[in-house]
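Reading the structure
Given next are the chains, with one letter for each unit.
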Amino acid sequence: MTALLDIEGLTKAYPGVVANDDVSFSIQPGEVHALLGENGAGKSTLVKMIYGLVTPDRGTMRLRGAPYAPPEPRAARAAGVAMVFQHFSLFEALSVAENIALGMENPPKPRDLAARIREVSETYGLPLDPFRLVGDLSAGERQRVEIIRCLLQDPKLLIMDEPTSVLTPQEVEILFHTLRKLAAEGTAILYISHKLEEIRALCDAATILRTGKKVSTCTPREVTAAHMAELMVGKSLSVPARDAHEPGAVLLAVAGLSLSSGSPFGTSLRDVTFEVRAGEVLGIGGVAGNGQDELLAVLSGETPVAGGAVTLKGVAVGTLGPNARRERGLLCAPEERLGHAAAPDMSLTENALLTGRKRKALESRGFVDWRRTRDFAEDIIARFDVRTPGPGVAARALSGGNLQKFVIGREILQDPTVLVVNQPTWGVDASAAAAIRQALLDLAQKGAAVIVISQDLDELLEISDRFCALNEGRLSPPRPARGLSMEDIGLMLGGAHDMHEVAL
Ligand SMILES: Nc1ncnc2c1ncn2[C@@H]1O[C@H](COP(=O)(O)OP(=O)(O)OP(=O)(O)O)[C@@H](O)[C@H]1O
């Protein structure tokens, strides 16, 4: 059988790093093929070459036997290659159908397009109303818009970059059902993910990259997740551990916090009340879009509130802005790493300065001490295993997971009294995720209070002392995490999301 896509010797170098080094493999029609590797291993670079976003330095591709070298994504799409990105490019104020029409060369009449969207949505079990505003959709529904946009092109190869990191467990099931149906019809799927159990459940074959080179292939169903992780990193994984301890004094308290959202697509916070003690990790679970961003903005000081709504070591800080809170020891790492947690075009040194200025004393007499700042950036890089040529590199040149390690490391190394992180291991590979969780536990062990906001319930159960759930802007009362079953958690999350369940 002719392979659908044959990749032969693909090589792509960036200054200081060979992102893909002589990579060769094939994808068969109807195959779900996983692309695995640590952060920075070269997965995104490889799929960008397949999708025409990056031109290889060397090497060739053949699609259904014919030479294939797309100069731009439009050419890739015309050849039958589609891609769903990690970050969606949708306009919130437009409807589903309007968004889809924008990406088409020759969009049909609106009514015909809506009918096509309904047809694809029903055929593939992806419930979606063409007339709803994108701003009102959950992350999972937005992903469906992107998938349906791809399916309308009738692709032969569908590339998916970490599709499940924004999905609830139920939405993952719906997605897998769709992907299996597509594969059964002969569409090949190239699937990037760090979630190894999901890969075992879904994928027929896997190609594993390490520092830009193909190091192995395997059949995910026939090996364990631990084995795949070992192939990726070349060593075995450690599980986060902590000693038993008694929590200390209350460090952060939020009391009766209600806040109506400024944005038409935001979530209002309703009577949120909780406290976190020294030495404690409080996990806040919930489906994205239930007030997580709004809560983080209130805690960081980006959205000031009434003074007494937020107290730090008994002192009202609600009216203070981010810098004043940082000086007092309340540090936050937001979810969006490029543009919010880090400035994309600034170097890592400059990004270290942005939040570490005061606490790391990076200024003296009104001047930036660049040597100290660079040392701080180098310390983060070394201690958090950030794979990059050096601190002079721009944040946007880092792979997603490596930038995440940098952002979390930058805050932890400032010795916070209270640290709030949103999705701390989003897009981070298994071994780096374990290292970040361990660093958060160590921070709590040293006496800080840590708040972890995450959609990853396994992560929260692994590291939290107490767990609570955000549901349409309301926070459930925290409960001890030990002994909570998935069923208890389901009830706490209860009805938070308008999950349109489909019969699978
Ligand atoms: N535009 C760029 N400029 C400079 N270096 C880059 C650029 N894009 C990627 N790199 C480098 O190439 C290497 C591979 O990055 P790539 O994004 O392909 O990794 P990845 O496997 O997708 O990682 P992750 O799982 O973290 O997303 C990294 O060292 C990265 O820093």
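Computed from a predicted model, the values in this text were never measured in an experiment.

Parameters at a glance
- Residues numbered from 1 in each chain as written.
- Predicted model: local features only at pLDDT ≥ 70, side-chain atom pairs only at ≥ 80, totals over all residues.
- Heavy atoms only, no water.
- Helix = DSSP H or I, 4+ residues; strand = E, 2+ residues; numbered from the N terminus.
- Rg over C-alpha atoms; globule rule 2.2 N^0.38 Å.
- Buried < 20%, exposed > 50% of the residue type's maximum accessible area, 1.4 Å probe, protein only.
- Contact = heavy atoms within 4.5 Å.
- Lys, Arg positive; Asp, Glu negative; His and termini not counted.
- Charge placed at Lys NZ, Arg CZ, Asp CG, Glu CD.
- Pairing = 2+ DSSP bridges.
- Axes fitted to C-alpha atoms, helices over the stretch in contact; angles between N-to-C directions.
- Near = heavy atom within 4 Å.
- Polar contact = N/O pair within 3.5 Å; in protein donor to acceptor, adjacent residues only side chain to side chain.
- Areas by Shrake-Rupley, 256 points an atom, 1.4 Å probe, with all protein chains shown as cover.
- Domains from an automatic or database assignment.
- Buried area = accessible area lost by both parts, 1.4 Å probe.
- Salt bridge = Lys/Arg side-chain N within 4 Å of Asp/Glu carboxyl O.
- Phe/Tyr/Trp six-rings, centres within 6.5 Å; stacked < 30°, edge-to-face > 60°.
- Lys NZ or Arg CZ within 6 Å of the ring centre and 35° of its normal.
- Parallel < 35°, antiparallel > 145°, perpendicular 65-115°, else oblique.
- Nonpolar A, V, L, I, M, F, W, Y, C, P; charged D, E, K, R; others polar.

So, the overall build of the protein chain
- The secondary structure content of the protein chain amounts to 16 helices and 23 strands.
- Relative to its length of 504 residues, the protein chain is compact, with a C-alpha radius of gyration of 23 Å against a globular reference of 23 Å.
- For the protein chain, the spread of C-alpha atoms along the three principal axes comes to 70 × 50 × 45 Å.
- With 504 residues in all, the protein chain has 53% of them scored as buried.
- Relative to all contacts within the protein chain whose residues are 6 or more apart in sequence, the contacts with residues 24 or more apart total 67%.
- Measuring between centres, the 53 positive side-chain charges of the protein chain sit 4 Å from its 62 negative side-chain charges.

Considerations on the pairing of strand E16 (residues 330-333)
- Side-chain alternation along E16 places Leu330 and Cys332 on one buried face and Leu331 and Ala333 on a second face that is also buried.
- Two strands pair when backbone bridges link them, and E16 and strand E19 (residues 418-422) are joined in this way by four bridges, in the parallel orientation. Considered in E19, the bridge of Leu331 is made with Leu419.

A word on the sheet that holds strand E6 (residues 81-84)
- Sheet architecture is open: six strands sit in the order E6-E7-E8-E3-E9-E10, paired in mixed fashion. Across the chains shown, the open sheet's two edge strands, defined by having one partner strand only, are E6 and strand E10 (213-218). Recorded for the sheet is a direction-independent mean angle of 20° between the axes of neighbouring strands.
- Relative to strand E9 (residues 205-210), strand E3 (residues 32-37) runs parallel, the two sharing five bridges. Following the sheet pairing, Leu36 is matched in E9 by Ile208.
- Against the sheet, helix H5 (residues 139-151) contacts E6 and strand E7 (157-161), and its axis sits at roughly 175° relative to E6.
- Along the sheet, helix H8 (residues 225-233) makes contact with E3, E9 and E10, crossing E9 at roughly 35°.

As for the sheet that holds strand E14 (residues 310-312)
- Read across the sheet, four strands follow the order E12-E11-E14-E15 without closing on themselves; strand pairing throughout is antiparallel. Only two strands of the sheet have a single neighbouring strand rather than two, namely strand E12 (269-277) and strand E15 (315-316).
- Taken together, the three bridges between strand E11 (residues 250-259) and E14 define a ladder with antiparallel strand orientation. Across the sheet, Leu252 pairs through a bridge with Leu312, a residue of E14.

Quick notes on the site of the ligand
- Surrounding the ligand, one finds 17 residues, the nearest of these being Gly40, Lys43, Ser44, Thr45 and Ser399.
- Here Gly40 contributes a backbone N or O atom positioned 2.7 Å from an oxygen atom of the ligand.
- Between the ligand and Ser399, the relevant distance is 2.7 Å, taken from an oxygen atom to a side-chain nitrogen or oxygen of the residue.
- Protein burial of the ligand: of its 640 Å² of free accessible surface, 83% is covered by the chains.
- When contributions to the shell around the ligand are tallied by element, the ones reaching two or more residues are strand E2 (17-27), helix H1 (43-50) and helix H13 (400-412).

Remarks on the domain arrangement of the protein chain
- Splitting the protein chain by domain gives domain 1 (5-233) and domain 2 (259-493).
- Centre-to-centre separation of domain 1 and domain 2, based on C-alpha positions: 29 Å.
- At the junction of the two partners, domain 1 supplies 20 residues and domain 2 supplies 17 residues.
- The contact between domain 1 and domain 2 buries some 1500 Å² in all, and 55% of this surface belongs to carbon and sulfur atoms.
- Contact with domain 2 buries surface across domain 1, with Glu38, Asn39 and His87 losing the most and accounting together for 32% of the total.
- Applying the counting rule to domain 1 against domain 2 returns one salt bridge.
- For Glu38, the salt bridge identified is with Arg387, shortest N-O distance 3.3 Å.
- There are six residue pairs in polar contact (both at pLDDT 80 or more) connecting domain 1 and domain 2.

Notes on the pattern of salt bridges
- Taken as a whole and assessed by the stated rule, the structure comprises 25 salt bridges.
- Of the charged contacts, one joins Glu197 and Arg200 as a salt bridge, the two residues approaching to 3.2 Å between their closest N and O atoms. Separated by three residues within a single helix, Glu197 and Arg200 lie in helix H7 (residues 196-202), roughly one turn from each other.
- A salt bridge links Glu363 to Arg357, with the nearest nitrogen and oxygen atoms 3.1 Å apart.

Describing the packing of aromatic side chains
- Counted by the stated rule, this structure contains two aromatic pairs.
- Ring geometry for Tyr51 and Phe85: centres 5.9 Å apart, planes at 70°, overall edge-to-face. You can see Tyr51 sitting in the loop between H1 and strand E4 (58-63) and its partner Phe85 sitting in the loop between E6 and helix H3 (96-102), a full 34 residues away along the chain.
- Pairing Phe176 with Tyr191 gives two aromatic rings, centres 6.3 Å apart and planes at 75°, and the pair type is edge-to-face. Placement of the pair is Phe176 in helix H6 (residues 169-184) and Tyr191 in strand E8 (residues 188-192), with a sequence separation of 15 residues. Residue Phe176 shares its accessibility class with Tyr191, and that shared class is buried.
- The side chain of Lys181 reaches across the aromatic face of Tyr124, ending 5.8 Å from its centre.

Some thoughts on the packing of helix H11 (residues 348-356) against helix H12 (residues 370-383)
- Here H11 crosses H12 at 100°, and the two axes come no closer than 8 Å. Judged by the angle between their axes, H11 and H12 are roughly perpendicular. Note on element contacts: H12 touches H11 through Trp370, Thr373, Arg374, Phe376, Ala377, Ile380 and Ile381, opposite Leu348, Thr349, Glu350, Ala352, Leu353 and Gly356.
- Residues that form the contact of H11 with H12 fall into these classes: eight nonpolar, three polar and two charged.

Notes on the side chain of Asp429
- Within the fold, Asp429 resides in the loop between E19 and helix H14 (430-445).
- A distance of 3.2 Å separates a polar side-chain atom of Asp429 from the backbone nitrogen of Ser431.

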